[in-house]
Amino acid sequence: MPCLNRRNFLKLSAGAALSGSLLSLKESHAKVTPLDFGVEKKVPVLCRMCAQFCPMIAVVRDSRVIRIESNKNTPHSGICARGRAATAALYNPNRIKQPLIRVGKRGEGKFKPISWDDALKIISDKLINLKNNGEEHLVAFLPRFNSAPGMDKEFFTIYGTPNIVGYGDTCFGNSLIVSYGSIMGGNEDKGVPGGGTGALSPDYENAKYGILIGRNPGGGLVTFPWGIMYGKGRRNGLKVTVIDPRKPSEAGESLTEWLPISPGTDLALLLAIANTILTSGKFNKEYLKKHTNAPMLIDSEGKPVHFENIDDKHIDFLVYDEDDKQFKLSKDASNPSLTGEFEYNGVKVTTALTALINSSKQFTPEWAEKVTSVPANKIKNVAENLINNAPQVFIERGYRSTRYDNSMEEKRVILIINTLLGSIGTKGGMIIQRGVKTGSFIKAPKPEQKPISHYYRKFSEYSLINTKDYRRFFIKSLLEEKPYKCKVAVFWGQNIIGGSTGSEEIIQALEKLETIVAISPYFNETVLYADIILPDAMFLERDEAIRTKFKAPYPTIAVHKKAVEPLFGAKEGYWIVNELAKRVLDSETYNTYFSHYNEKGINAILDKQLSKVEGLSEDELQTFSPDSLFEKGVWTGNIKYGVKAKTKSKKIEIYSTFFLEKHFELKAANEKLASILDPGFKYQPPYWKTEKETLGKDEFIPVTGFNPLSSFTGAQTKDNPILNFLGGMVDWDAIYINKSKGEKIGLKDGDIVEVFNIQKPHLVTKTKIKLVEYVHPDALFSYYGVGAGYYNNLTNFLTNAPKYGFNPNHIGNFTFAVLDGGQLAQDFIVKIRRAK
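Residues numbered from 1 in each chain as written. Predicted model: local features only at pLDDT ≥ 70, side-chain atom pairs only at ≥ 80, totals over all residues. Heavy atoms only, no water.

Here we take up the overall build of the chain. In terms of regular secondary structure, the chain is built from 29 helices and 35 strands. A compact globule built from 836 residues should have a C-alpha radius of gyration of about 28 Å, and the chain, at 27 Å, falls within 12% of that. C-alpha atoms of the chain, sized along the principal axes, occupy 80 × 75 × 55 Å. Here the contacts in the chain between residues at least 6 apart in sequence split such that 73% fall between residues at least 24 apart. Entry remark: accessible area of the chain is about 30900 Å², with carbon and sulfur atoms responsible for 48%. Where the 110 positive side-chain charges of the chain centre and where its 92 negative ones centre are 3 Å apart. (Helix = DSSP H or I, 4+ residues; strand = E, 2+ residues; numbered from the N terminus. Rg over C-alpha atoms; globule rule 2.2 N^0.38 Å. Contact = heavy atoms within 4.5 Å. Areas by Shrake-Rupley, 256 points an atom, 1.4 Å probe, with all protein chains shown as cover. Lys, Arg positive; Asp, Glu negative; His and termini not counted. Charge placed at Lys NZ, Arg CZ, Asp CG, Glu CD.)

Below, the structure is given as structure tokens:
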């Protein structure tokens, strides 16, 4: 892949209107020009009303943002209601206006103002003291919605802590990442390959038929580009079936496109679809021969019978060539057999696909009907629709990753079915993402100590956890005081109490910390437990580094420019980091890493990033220029179809050799865990089903979803007067249950009820209830990140937010999915009763 560096870019742009070096960016790129006489200025920004960075335009008049528009310089421009309401978040009087120090108990919400100098001194003195005692590793930095990308994580790493704790294990991470890596390969995390939410994008615009499962692209997150792509696809004739306990708007006005399913049983339905495709023989044979390890020969234990190294990183496997009836490496075979049993060197062998077919036979649609409550004939219809429209089909991988104990297997089966139909890398199927990399402003030295996650990775039951996104294992470490006891946590935008399941245990863990620092523009549940609070600038008040990570099917590079100066007493994130670095680091270290920022500000970061741009094709390099990027705010490349697996075999491994290897590693120590990693098909029930096969008349499984008004647990949407007004019109703070089931227990639409976890009956939440036809009888639905929940002291600070409502995280169990360690966000049982 060509690399854009200073030399070849200047060669490319010799005839362009560029003055001076690529690295000499004009000051206007980073600074806001004062506005006079009512002139409107359009400033390109990246939206942070949720975490998706959709490109948009802030329209500024007289130094005030007066409205938000979509940035038209992308193929899929658009913003949702959250983005439109950013001005209400910017000018919200409930923002944190100055540094605060706690004067009451943690969580009580009693603080008093202090100066920036005093606040920074308290934090710096604590960090210096720990460093002097060789205890840098006892500091944890937990960033999200952070406002100093390229400097904040780097500062804490230079300081010496290995614990830069990501939030992905409670969002996109773990089961989604591991399942992708097991089939497609990918960047390795200490030997575990993976790929994130954006690694595959459904080609909505060119698809004929698709299944939405675990995600609602029309009403949820990722407006750019998925929401816009989905809308165009529907207008182009895309047909969908929605498999969900709750009927979202994507299912249309009728019920014909919606299959209500019992929560956590999606895996059973997917296994039945795989069974129908495999036993009918209606899979894409040529695709499987060319792009997968389906023809690989395996022995009676499931092990490949022969491997050969083709270079230092890759191997090839043995197949049976139908043309000349010979055993040979796949690269040498003209027509490898997909199915059959053979004898090789006196050993009986089969193809990997044959093993998959055999393991699928028990999972019939009739079996799945008993597990899921979805009629067998409808499951067969879905499978037939996929077969008849393949390869221009897709099954969504979902967005939020681990909801249930079987989520990892569910995500893996989704990838296998997409592969059987030949959709991965195919126009109208699933597009493999192409990423872009820029230069790094700071390359921090590796700390001496190991992060907490490395300790837990050693345990068999957590052997596939993510070592970068592990905020729940950070909490587990605090509770257990292993492998060491952290003393300081700095939360920059992360709301671990409101946004992670098991808030009760999380609070108990946080109480063990000596110092908690929160940096945020707004109050949230976690901020209320801080000892020191620093008011961060809201995203419209700051410049940021260039961003290249988007959930787009094409390379995307975008800039974020300051629209207005910070309001109240807030400070930009880069200023905060730089001030901490000056106080904490010795002068030599500070000058080594931060002197350029001191001299040039944000331009120091931008210059370094643009000194190297990797991942673009030759034709894309011809269209990219920094001047155009800063003028338009965003540059996009092209969609390129094709299959590129990053496994050791360079094939899509529908029969996962990674899982197989881990299976045999675990088999001697833990047969039950090993069985989960069998590369064949198997069914795991959700955790709640192992506790209680059938729910009682007043029992439900909590499920959540997004809409264009809400996002996560942040006050930028939750306490937004515009969004709260609109949300109130659609009862966004209510819970929704099946009308018939609700009436049978004496409830009426609009009643105030109490909800509690049957394992934690002391945590009782009050909320309004809606009785509707479009929720499965086993499910209790709520919009994520809206309700006040059990820990509702926050409502004293958020006057525009709902005063009641349900947050399942507050009353959920502090449990972990086996192997990948994800949170079981919806895998518990709740009861409902009329409020007293």
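The subject of this paragraph is the environment of Gly160. Here Gly160 lies in the loop between α5 (152-159) and α6 (175-184). Residue classification places Gly160 among the buried residues on the basis of a relative accessible area of 18%. When near neighbours in sequence (up to four residues on either side) are disregarded, Gly160 contacts Glu136, His137 and Pro447. (Buried < 20%, exposed > 50% of the residue type's maximum accessible area, 1.4 Å probe, protein only.)

Our focus in this paragraph is the confidence of the model for the chain. Do not read the predicted coordinates in detail wherever pLDDT is low. The predicted model of the chain has a mean per-residue pLDDT of 93, with 95% of residues at 70 or higher. Low pLDDT (under 50) marks residues 1-36, which in the prediction has 69 contacts with non-local residues, meaning those over four places away or in another chain. (pLDDT = per-residue confidence, 0-100.)

What follows deals with a positive patch on the surface. There is a patch of like positive charges on the surface, built from Lys153, Lys190, Lys437, Lys443, Lys446, Lys450, Lys468, Lys549, Lys608, Lys612, Lys644 and Lys646. In this fold, Lys646 is placed in the loop between β29 (634-636) and α23 (657-667). (Patch = residues over 30% accessible without salt bridge, like charges linked within 9 Å, V, L, I, M, F, W, Y side chains within 5 Å. Salt bridge = Lys/Arg side-chain N within 4 Å of Asp/Glu carboxyl O.)

To continue, consider the sheet that holds strand β16 (residues 315-321). In space, the three strands of this open sheet follow the order β15-β16-β17, with antiparallel pairing throughout. Two strands bound the open sheet, and with one partner strand each, they are β15 (307-309) and β17 (326-329). Direction aside, neighbouring strands of the sheet carry axes that sit 30° apart on average. Both β16 and β17 contribute to a ladder of four bridges, which runs antiparallel. Looking at the pairing, Val319 lines up with Lys328 of β17. (Pairing = 2+ DSSP bridges. Axes fitted to C-alpha atoms, helices over the stretch in contact; angles between N-to-C directions.)

Bringing unusual backbone geometry into the picture now. In this model, Phe224 is joined to Pro225 through a cis peptide bond whose omega is -5°. Mapped onto the secondary structure, Pro225 falls in helix α7 (residues 223-235). The omega torsion of the bond from Ala390 to Pro391 falls at 5°, within 30 degrees of zero and hence cis. The phi dihedral of Val222 falls on the positive side, at around 60°, and the residue is not glycine. As for its placement among the helices and strands, Val222 is situated in the loop between β11 (209-213) and α7. The residue Lys325 is not glycine, and still its phi comes out positive at about 55°. Here Lys325 lies in the loop between β16 and β17.

Taken together, the six strands give a closed barrel; going around it, the order is β30-β34-β31-β33-β32-β35, and neighbouring strands pair in mixed fashion. Within this sheet the neighbouring strands show an average axis-to-axis angle of 45°, counted without direction. Of the pairings in the sheet, the one linking strand β30 (residues 699-705) to strand β34 (residues 779-783) comprises five bridges and is parallel in character. Looking at β34, one finds that Pro702 is bridged to Leu780.

It is common to give the size of an interface as the accessible area lost on bringing the parts into contact. According to the domain assignment, the chain consists of domain 1 (200-432 + 654-676) and domain 2 (687-834). Once you take the C-alpha centre of each, domain 1 and domain 2 turn out to be 32 Å apart. The interface is formed by 25 residues belonging to domain 1 together with 33 residues belonging to domain 2. Summed over both partners, the interface of domain 1 with domain 2 comes to about 2300 Å²; 61% of that surface belongs to carbon and sulfur atoms. Of all residues in domain 1, the largest losses of buried area upon contact with domain 2 belong to Arg246, Arg400 and Asp405, amounting jointly to 28% of the total for that side. Linking domain 1 to domain 2 there are zero salt bridges. (Domains from an automatic or database assignment. Buried area = accessible area lost by both parts, 1.4 Å probe.)

Counted under the stated rule, the structure contains zero disulfides. Distance from the sulfur of Cys47, which forms no disulfide, to the nearest cysteine sulfur (Cys50) is 6.3 Å. According to the relative accessible area criterion, Cys47 is buried, its value standing at 8%. The closest cysteine sulfur to the non-disulfide-bonded Cys54 is located on Cys50, 6.1 Å from its own sulfur. (Disulfide = S-S within 2.5 Å.)

With that settled, the discussion passes to the pattern of salt bridges. For the structure on display, the rule yields 51 salt bridges. Notably, a salt bridge pairs Glu504 with Lys760, separated by 3.8 Å at the nearest N-O pair. With Glu504 in helix α17 (residues 503-510) and Lys760 in strand β33 (residues 760-772), this residue pair connects regions lying 256 residues apart in the sequence. One salt bridge connects Lys770 with Asp749, and the closest N-O pair in it is separated by 2.9 Å. Here Lys770, found in strand β33, pairs with Asp749, found in the loop between α28 (739-744) and β32 (752-757); they are 21 residues apart in sequence, far enough to count as distant. Of the residues examined, Lys770 reaches a relative accessible area of 18% and is grouped as buried. With relative accessibility at 43%, the residue Asp749 sits in the partly exposed group. The structure contains a network of salt bridges with shared partners spanning Glu40, Lys42, Arg61, Arg67 and Glu69.

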